[in-house]
Amino acid sequence: MYDAIIVGGGLAGTQAARTLRESGSNVLLIEARKRLGGRTESLEVENYWFDLGGQWVGGTHDLLKKTLERFQINTFPQYDEGKHVLELNGKRHFYQGNISNLNSMNFDGLFETIARMDKMAASLDTTWPARSEHASEWDRLTLAQWLHANVPAPDARLIIEWFARVCLAAEPHEVSLLFYLHFLRQAGGYALLADIRGGAQQDRIQGGSQQVSERLAECLEKTHVRMGEPVLGIVQEKDHVVVKTASGAYQGKYVIVATPPALASRIAYCPPMPAVRDDFTQRMPMGTIIKTVILYDEPFWRQTGFSAEAISDMGPIFICYDDTSHDDKKFAIVGFIAGEAARFWARKSQEERKSAVTECYARWWGPKALTPHVYLEKNWKEEEWSRGCYFGVAGPGSMTASFEALRTPVGRIHWAGTETATRWMGYMEGALESGVRAATEVRDRLAREGLKPKL
């Protein structure tokens, strides 16, 4: 019998497994995919690794940075030299530096709106936002409803709507105002989320981000990592749990489910989940994102003084960045199609999406954008064991109704995953934090029961 069974081999699951293993616990890791990494996925193209999932290391992503240092995985700065493009309401603007510099571009009401929302977010409890003073009032509204009632200036409203769309991979009318503020609060505010220098997009990982999960799992014996085994059910007995897959049944003292809530709800539990837990997982669908990476023979955008950073409310690409290799030998642009646009373009062919994306880039940087030599894309809604990215989002009424169940253990079942984080929810940093927290919960329960670790 294992001390703990971890369901999910992404960053949260592998971090939980390592934390427990290093405390002396006997751990089994079960992953539905035939690879580790979860919502990080790195693809080797022309002898360089490009990320189709989570990619950036933020300036305040302290746990991720310590993990990279531990494994001697190098990072390099996200390129942002030159002019950036802002395409808003049919007009094109240029700016330099961080996205938060838009505050100084005389968009009527933008600075005031960002400052007001940051102040609202700062009033929330990072662990239990639904217990905050204005939680019920804010949870009844969608973000879109609040913006239309409080931000009369159209450009300021469009920028906030764009920001929410690219950060949440959902539309402003789909998410609770309270959830959006909770997202801001966990990151430390708008600027840290939006920016490159000092912000969430500060650095990239040489060799891709998927290797982080692989390195975390190296502490486990090969027989203690089961890949290609979707978990079908979890049975709780008085003093242990039984985790069932198509290949067999595994017994453990505790289990940590480290999957998105929407996928955790598809596991058959015996006894069934409490109503409040089941209610919340039904209210937290995954975001909708198509990530594209396009390789070119030359960095034509740099040659004309541009950074390849662009913001657009027109699309199909809503935000993009220079994705060139650390050694400047592979020239690429990474771009995102989010929310309703992602649902629309998902119904088109890959060739139609490729044409639309390259035409978008040509609109900003000229006709050389029309002739890439490699086009990569990942529609995360089609990924069977994610069903969306970047993370689960909550609609109006969800937070105050049942958010308390998100990370509360149910018997011998504990929960991890970036959605359950108390810092940087939705990011790799949040996934790692949640893995440490869930593993610590289980480790402490094992210690209280006086169980000796099985080495």
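Thresholds, definitions, all that
Residues numbered from 1 in each chain as written. Predicted model: local features only at pLDDT ≥ 70, side-chain atom pairs only at ≥ 80, totals over all residues. Heavy atoms only, no water. Helix = DSSP H or I, 4+ residues; strand = E, 2+ residues; numbered from the N terminus. Rg over C-alpha atoms; globule rule 2.2 N^0.38 Å. Buried < 20%, exposed > 50% of the residue type's maximum accessible area, 1.4 Å probe, protein only. Contact = heavy atoms within 4.5 Å. Areas by Shrake-Rupley, 256 points an atom, 1.4 Å probe, with all protein chains shown as cover. Core = buried A, V, L, I, M, F, W, Y, C linked by side-chain atoms within 4.5 Å. Pairing = 2+ DSSP bridges. Axes fitted to C-alpha atoms, helices over the stretch in contact; angles between N-to-C directions. Phe/Tyr/Trp six-rings, centres within 6.5 Å; stacked < 30°, edge-to-face > 60°. Lys NZ or Arg CZ within 6 Å of the ring centre and 35° of its normal. Parallel < 35°, antiparallel > 145°, perpendicular 65-115°, else oblique. Left-handed = near helix turned anticlockwise from the far one by under 90°. Nonpolar A, V, L, I, M, F, W, Y, C, P; charged D, E, K, R; others polar. Expected span 1.5 Å × (residues − 1).

Enquirer: What exactly am I supposed to notice about the overall build of the chain here?
Expert: Looking only at helices and strands, one finds 16 helices and 20 strands in the chain. The C-alpha atoms of the chain give a radius of gyration of 22 Å, which matches the 23 Å a tight globule of 455 residues would have. Seen along its three principal axes, the alpha-carbon backbone of the chain occupies a region of about 65 × 50 × 40 Å. Per-residue burial over the chain gives 62% buried out of 455 residues. The contacts in the chain between residues at least 6 apart in sequence include a share of 74% that link residues at least 24 apart. By element, 49% of the accessible surface of the chain is carried by carbon and sulfur atoms, the whole surface being about 17,600 Å².

Enquirer: How should I be thinking about the nonpolar core in this particular structure?
Expert: Burial of nonpolar side chains together is a common tendency in soluble globular proteins. Ile 99, Met 117, Tyr 180, Leu 181, Tyr 361 and Trp 365 are the most contacted members of the largest nonpolar core, which totals 102 residues. Residue contributions to this core peak at nine residues, all from helix H6 (residues 154-168). Those residues in contact with Tyr 361 that sit more than four places away from it in its chain are Thr 292, Ile 294, Tyr 296, Ile 317, Cys 320, Ile 333, Val 334, Gly 335, Gly 366 and Ala 369. With 32 residues, the next largest nonpolar core counts Ala 4, Ile 205, Val 212 and Ala 431 among its residues.

Enquirer: What am I meant to see in the sheet that holds strand S17 (residues 319-322) here?
Expert: To summarise the sheet geometry, strands pair through backbone hydrogen bonds and adopt either a parallel or an antiparallel arrangement. Sheet architecture is open: seven strands sit in the order S8-S7-S16-S17-S18-S15-S19, paired in mixed fashion. The sheet is open, and its two edges are formed by strand S8 (91-95) and strand S19 (374-379), each paired on a single side. Sheet twist, expressed as the average angle between the axes of neighbouring strands with direction ignored, equals 15°. Here helix H13 (residues 339-346) sits on the sheet in contact with strand S15 (289-296), strand S18 (331-338) and S19, set at roughly 100° to S18. In the packing of helix H14 (residues 350-365) onto the sheet, contacts are made with strand S7 (83-88), S8, S15, strand S16 (306-312), S17, S18 and S19, and the angle to S15 comes to roughly 65°.

Enquirer: Help me understand the sheet that holds strand S9 (residues 203-205) in this model?
Expert: The strand order across the open sheet built from three strands is S5-S9-S6, with neighbouring strands paired in antiparallel fashion. Here the strands that pair on one side only, and so sit at the sheet edges, are strand S5 (56-57) and strand S6 (75-77). In the sheet, S6 pairs with S9 via three bridges, with the strands oriented antiparallel. Along S9, the bridge assignment pairs Phe 76 with Arg 204.

Enquirer: In this structure, what is going on with the packing of aromatic side chains? I would like to understand it.
Expert: To describe a pair of aromatic rings, you give the distance between the ring centres and the angle between the ring planes. The full count for this structure, using the stated rule, is 20 aromatic pairs. Relative to Tyr 427, the ring of Phe 183 lies with its centre 6.4 Å away and its plane at 15°, an arrangement referred to as stacked. On the criterion of sequence distance, the pair formed by Phe 183 in helix H7 (residues 177-187) and Tyr 427 in the loop between strand S20 (413-415) and helix H16 (428-448) is long-range, its members being 244 residues apart. What makes Phe 183 buried here is its relative accessible area of 2%. Under the relative-accessibility criterion, Tyr 427 is labelled buried at 17%. Through successive ring pairs, a cluster of aromatic residues spans Phe 179, Phe 183, Phe 391, Trp 424 and Tyr 427. The residue whose ring lies beneath Arg 165 is Phe 318, and the NZ or CZ to ring-centre distance is 5.3 Å. It is Arg 302 that lies over the ring of Tyr 79; its NZ or CZ is 3.7 Å from the centre.

Enquirer: Looking at this structure, how should I read the pairing of strand S13 (residues 248-257)?
Expert: In regular strands, side chains alternate between the two faces of the sheet. With respect to burial, S13 is a largely interior element, seven of its ten residues being buried. By the bridge criterion, five bridges tie strand S1 (residues 2-7) to S13 in an arrangement that is parallel. Across the sheet, residue Val 7 finds its bridge partner in S13, namely Val 257. Across five bridges, the pairing between strand S12 (residues 241-245) and S13 is antiparallel. Across the sheet, the residue bridging to Val 243 is Tyr 250, located in S13. In this antiparallel pair of consecutive strands, S12 and S13, the connection spans two residues. Inspection of the sheet shows S13 paired to S20 by three bridges, in the parallel sense.

Enquirer: So what exactly am I meant to see when it comes to the pairing of strand S4 (residues 48-51) here?
Expert: Bridging between strand S3 (residues 42-45) and S4 involves four bridges; their strand directions are antiparallel. Bridge pairing links Leu 43 to Phe 50 in S4.

Enquirer: Just checking my understanding: could you explain the packing of helix H3 (residues 110-122) against helix H5 (residues 143-150) for this structure?
Expert: Two measures define how a pair of helices packs: the angle their axes make with one another and the distance between the axes. Orientation of H3 relative to H5, taken along the N-to-C sense of each, is 130°, at an axis distance of 13 Å. Here H3 is positioned oblique relative to H5, judged by the angle of their axes. Crossing geometry of H3 relative to H5 is assigned as right-handed. Contacts between H3 and H5 involve Thr 113, Arg 116, Met 117 and Met 120 from the former and Leu 143, Trp 146, Leu 147 and Asn 150 from the latter. A class-by-class count of the residues in the contact of H3 with H5 yields five nonpolar, two polar and one charged.

Enquirer: Would you take a moment to explain the packing of helix H1 (residues 11-22) against H16 for this structure?
Expert: Look at H1 against H16: their axes get within 7 Å of each other, and the N-to-C directions meet at 40°. Accordingly, the angle class assigned to the pair H1 and H16 is oblique. As H1 runs across H16, the sense of the crossing is right-handed. Touching Leu 11, Ala 12, Gln 15, Ala 16, Thr 19 and Leu 20 of H1 are Met 428, Ala 431, Leu 432, Ser 434, Gly 435, Val 436, Ala 439, Val 442 and Arg 443, all from H16. Across the contact of H1 with H16, the residue classes tally to ten nonpolar, four polar and one charged.

Enquirer: What am I meant to see in H1 here?
Expert: Under the 1.5 Å per step criterion, the end-to-end length of H1 is 16 Å for twelve residues, consistent within 8% with the ideal 16 Å. Counting buried positions along H1 yields eleven of twelve residues, so the element is predominantly enclosed. Listed in full, the buried residues belonging to H1 are Leu 11, Ala 12, Gly 13, Thr 14, Gln 15, Ala 16, Ala 17, Arg 18, Thr 19, Leu 20 and Arg 21. Contact partners of the buried residues in H1: S1, strand S2 (27-31), helix H2 (62-70), helix H9 (210-216), S13 and H16. Taken from the residues just after H1, Gly 24 is the one with a positive phi, measuring 100°.

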